[in-house]
Amino acid sequence: MIVAKRKPFEEIKELIEGYKKVLVVGCGTCVAVCLAGGEKEVGILADELRLSQKSEKEPAEFGEATVQRQCDREFLSELDDIVPQYEALLSMACGAGIQFLAERFPDTPVFPAVNTTFIGVNQDVGWYEERCKACGNCVLGMTAGICPVTMCAKSLLNGPCGGTNGSSCEVDPNQPCAWHMIYERLARQGRLDKIIEICPANDWRNQKPQTLIQPGYEERYESEK
Amino acid sequence: MKSGSKLEKILSAGHFAFTGELGPPRGANLEAIQKKAEPLKGVVDSVNITDNQTAVVRMSSWGASLLAIQQGLEPNYQMVCRDRNRLAMQADVLGAYALGIRNILCLSGDHQQFGDHPQCKGVFDIDSMQLIQAVKGMRDGKFINGQEVDEPPRMFIGAAANPFAEPFEWRVYRLAKKINAGADFIQTQCIYNMEKMREWVKRARDMGLTEKVYILAGITPMKSLGMARYMKSKVPGMDVPDEVINRLKGVEKKKQGKEGIAMACEQIQEFKEMKGISGIHLMAIEWEHRVPEIAEQAGMLPRPEV
């Protein structure tokens, strides 16, 4: 899933300063699972904002709305009647959701309440770890299911580098060396031959905005291209 | 001859090579280079010019390499993958060669987190293995994309190896990968753990690797007990056994530098005899002025004429 972290409260306050009616918009998918921007977090943020307005002469008003996915028009349409009642939107979705919300309501300023951090896994409640950089050219078959692009601080494809400290990364003793893990797991599976060959330079496919049309749908979208 | 560099001539003639290191200044300071170059003349066969060493901004390694040539030294131009993509790297190799640089050392580079601009974006478009392959490919007439090079840069290609980093068993295979990628010579990480080094060289020899590549053993004399402790605890990938620390502890502070040099000379003596080792790479960090005395004491002088 996509993991996000709420921005510091002061930064959020500054972003929406001057707007008297703001709708806090949550997203019920990834950011809800990672406890950053679901319905519950929308309620908490809206309450905090209201509280911070108490001493103001004309306190701003904060509405709350959460849709299942901000990255999907079908769900965004639920907001069509509500948004015109507000001066600004404060989105708690990931960067993709925030942009799709802003695209749907081009006359209303949209502000981010979270920082989108990574594609990751749920280690435990409230604990997430990055696992994928969406490089677009997956090498996990060669590397025993451990991503060197993400898990190696240098994204080496022919590691481990000489800076490894024991089995941890030179940049952080708490971060295991990706290539050490790859070596161990491949050795365990008897597949070290996978990394004895030189892995060629990567074809980084995430260097420009991308569009994906799944096979079978090309014809359907032909006219829109 | 692949490149005709002095380093290549020395090694291919079977002489025991001796290379040094010169860290470019943190500014456009020509005088600093002259000052560091002076004691190295006639003492080392080639001098490594570091590339934004420890991720700290310095004069470019190709710029300082050219200045080293002007000072009468043969540079070993270091290039790291951290600061430039494959376009810039290939372009720099062409420019460097056209201007007279003949040796190149291909490295991944220290992570930017350790440097003076820790917030910068590390490029790492390709890794050191792929850079070796790229420079070899260019020498053979092809860019990474397979297109032809108009006048190939005939570089003598170097790579680094750290015999001490985990997993130890894999290190010699990674060395083999670098040789397959196109490395002509290897300069190792600073060696303090001689026992592990002997084992690594033995494994490389058993695999026939020392027949395919020239290995230069990395030596950095300890200047003080403080430096030894720092190297042990703070420098990534460094293996400093307690016996090194204890030996420095055993002498008074003023004499620790002298003891460090004595230890380095003992190592050099052993490497001269070690089958599979073709030379010494002396990294006398900010101690360039003492290289002649170390070379003298280690019996590395005079250097052979080739």
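Reference entry: report on the structure contained in this document. Residue indices begin from 1 for each chain and proceed along its sequence in written order. Whichever chain is written first becomes A and whichever ligand is written first becomes 1, with later ones labelled in order. Totals for whole chains, interfaces and linings use every residue, but because this is a predicted model, local features are given only for residues with pLDDT of at least 70 and side-chain atom pairs only at 80 or more, for both listing and counting. The side-chain figures draw on all heavy atoms in the structure; neither hydrogens nor water molecules are used.

Some thoughts on the overall build of chain A
Short version of the rule: Working definition: helices are DSSP H or I runs of at least four residues, strands are E runs of at least two. Numbering for both runs from the N terminus. When accessible area is computed with a 1.4 Å probe and restricted to protein chains, residues below 20% of their type maximum are described as buried, those above 50% as exposed, and intermediate ones as partly exposed. In this analysis, two residues are considered to be in contact whenever any of their non-hydrogen atoms come within 4.5 Å of each other. The method behind every accessible area is Shrake-Rupley, applied with a 1.4 Å probe, and residues are considered shielded solely by the protein chains displayed. We count Lys and Arg on the positive side and Asp and Glu on the negative side, and we leave His and both chain ends out. To locate a charge, the coordinates of NZ of Lys, CZ of Arg, CG of Asp or CD of Glu are taken.
Helix and strand counts for chain A come out as 9 helices and 9 strands. Each principal axis of the C-alpha distribution contributes one length, and for chain A these read about 70 × 50 × 25 Å. When burial is assessed residue by residue, chain A has 41% of its 225 residues classed as buried. Taking all contacts inside chain A whose residues are at least 6 apart in sequence as the whole, residues at least 24 apart take part in 59%. Summed over all atoms, the accessible surface of chain A reaches about 12,600 Å², with 49% contributed by carbon and sulfur. Taken together, the 24 basic and 33 acidic charged side chains of chain A have centroids lying 4 Å from each other.

A word on the layout of surface pockets
Remark: the empty space left among the atoms is shown by a probe the size of a water molecule rolled over them. All names here are of chain A. Stated precisely, the cut-off is as follows: Using only the protein atoms, space was sampled on a 1 Å grid; points where a 1.4 Å probe fits but cannot get out form cavities, open sets with protein on both sides within 12 Å along at least five of seven lines form pockets, and lining residues are those with an atom within 4 Å of a point. Grid points are joined across faces, edges and corners, and a volume is the space filled by probe spheres set on the points.
Quantified by volume, the second largest pocket comes out at close to 670 Å³. What lines the second largest pocket is a set of 29 residues, among which K133, V149, C152, A153 and S155 lie closest to the centre. Residue assignment for the lining of the second largest pocket shows that the elements contributing at least two residues are β7 (127-132), α6 (148-151) and β9 (172-176).

Examining the sheet that holds strand β3 (residues 75-80) of chain B
Residue and element names in this part refer to chain B. The condition that has to hold: When DSSP finds at least two bridges between two strands, those strands are taken to pair. For helices, the fitted axis covers only the stretch in contact; all axes are lines through C-alpha atoms, and the angles between them, taken along N-to-C directions, range from 0 to 180 degrees.
Taken in spatial order, the 8 strands close into a barrel running β1-β2-β3-β4-β5-β6-β7-β8, and their pairing is parallel. Across the sheet, the mean angle from the axis of one strand to that of its neighbour is 25°, orientation sign disregarded. Sheet topology note: the strand β6 (residues 185-190)/strand β7 (residues 214-219) ladder contains 4 bridges and is parallel. Bridge pairing links C190 to G218 in β7.

Concerning the pairing of strand β8 (residues 279-282) of chain B
Residue and element names in this part refer to chain B. Side chains G279 and H281 of β8 all project onto a buried face; the interleaved residues I280 and L282 project onto the opposite face, where all are buried too. Here strand β1 (residues 17-22) pairs with β8 via 3 bridges, running parallel. Bridge assignment links F18 to a residue of β8, and that residue is I280. Relative to β8, β7 runs parallel, the two sharing 4 bridges. If you follow L216 over to β8, its bridge partner there is G279.

As for the interface of chain B and chain A
Stated precisely, the cut-off is as follows: Take the accessible area each of two parts loses on contact, using a 1.4 Å probe, and add the two losses: that sum is the buried area. Salt bridge, as used here, is a side-chain nitrogen of Lys or Arg placed within 4 Å of a carboxyl oxygen of Asp or Glu. In protein, a polar contact requires one atom able to donate a hydrogen and another able to accept it; more generally it is a pair of N or O atoms within 3.5 Å, and residues adjacent in sequence count only if both atoms are side-chain atoms. Only Asp, Glu, Lys and Arg are considered charged in this grouping, and only Ala, Val, Leu, Ile, Met, Phe, Trp, Tyr, Cys and Pro are considered nonpolar; every other residue, Gly among them, is considered polar.
The interface is formed by 29 residues belonging to chain B together with 27 residues belonging to chain A. Between chain B and chain A, roughly 2,400 Å² of surface is buried when both sides are summed, and carbon and sulfur atoms account for 57% of that area. At the boundary of chain B with chain A, the tally comes to 0 salt bridges. Summed over the shared surface of chain B and chain A, the result is 21 residue pairs in polar contact (both at pLDDT 80 or more). Of all the elements in the fold, those that place two or more residues in the side of chain B that touches chain A are α5 (128-139) and α6 (168-181) of chain B. The element contributing the most residues to the side of chain B that touches chain A is α6 of chain B, with 8 residues. The residue inventory of the side of chain B that touches chain A, partitioned by class, reads 11 nonpolar, 9 polar and 9 charged.

A few points about helix α3 (residues 61-70) of chain B
All names here are of chain B. The element α3 is largely enclosed, with a buried count of 7 among its 10 residues. Those residues of α3 that sit buried are S61, G63, A64, S65, L66, L67 and A68. Tucked into the core, α3 has its buried residues touching α2 (30-37), β2 (46-49) and β3.

A look at the packing of helix α4 (residues 86-98) of chain B against α5 of chain B
Residues and elements named next belong to chain B. Here is the rule we go by: When an angle is under 35 degrees it counts as roughly parallel; over 145 it counts as roughly antiparallel; between 65 and 115 it counts as roughly perpendicular; any other value is oblique. By convention the crossing between two helices is left-handed if the near helix lies anticlockwise of the far one by an angle smaller than a right angle, and right-handed if it lies clockwise.
Put simply, α4 and α5 touch, their axes get as near as 11 Å, and they point 45° apart. The angle between α4 and α5 falls in the class oblique. Seen along the crossing, α4 lies across α5 with a hand that is right-handed. Two secondary-structure elements touch here, α4 through M89, Q90, V93 and L94 and α5 through L131, V135 and M138. Each residue belonging to the contact of α4 with α5 can be placed in one class, and the counts come to 6 nonpolar, 1 polar and no charged.

Thoughts on the packing of aromatic side chains
One pair of aromatic rings is described through two measures. These are the centre distance and the angle between the planes. Condition: Put simply, two rings from Phe, Tyr or Trp (the six-membered ring, in Trp's case) pair if the centres are within 6.5 Å, and we call them stacked under 30 degrees between planes, edge-to-face over 60, tilted for the rest. Both a distance and an angle decide whether a charge sits over a ring: NZ of Lys or CZ of Arg must be within 6 Å of the ring centre and within 35 degrees of the ring normal.
For the coordinates displayed, the defined rule picks out 4 aromatic pairs over all chains. On the basis of an interplanar angle of 50° and a centroid distance of 5.5 Å, the ring pair of Y183 of chain A and W170 of chain B is categorised as tilted. Of this pair, Y183 of chain A sits in helix α7 (residues 178-188) while W170 of chain B is found in helix α6, placing the two residues in two different chains. Classification of Y183 of chain A by relative accessible area gives buried; the value is 10%. Seen from their ring centres, F156 of chain B and F185 of chain B are 5.0 Å apart, and the 25° between their planes marks the pair as stacked. Taken as a pair, F156 of chain B in strand β5 (residues 156-161) and F185 of chain B in strand β6 lie far apart in primary sequence, 29 residues in all. Take F156 of chain B and F185 of chain B: they sit in the same class, and that class is buried. Through a chain of ring-to-ring contacts, the aromatic side chains of Y183 of chain A together with W170 and Y173 of chain B assemble into a single cluster. When the ring centre of Y86 of chain A is taken as reference, the NZ or CZ atom of K21 of chain A above it lies at 5.0 Å.

Quick notes on the environment of P176 of chain A
Residue placement: P176 of chain A occurs in strand β9. Along the backbone, P176 of chain A and G38 of chain A are 138 residues apart, and their C-alpha atoms lie at a distance of 31 Å.

In short, shape yes, function no, at least from these values alone.
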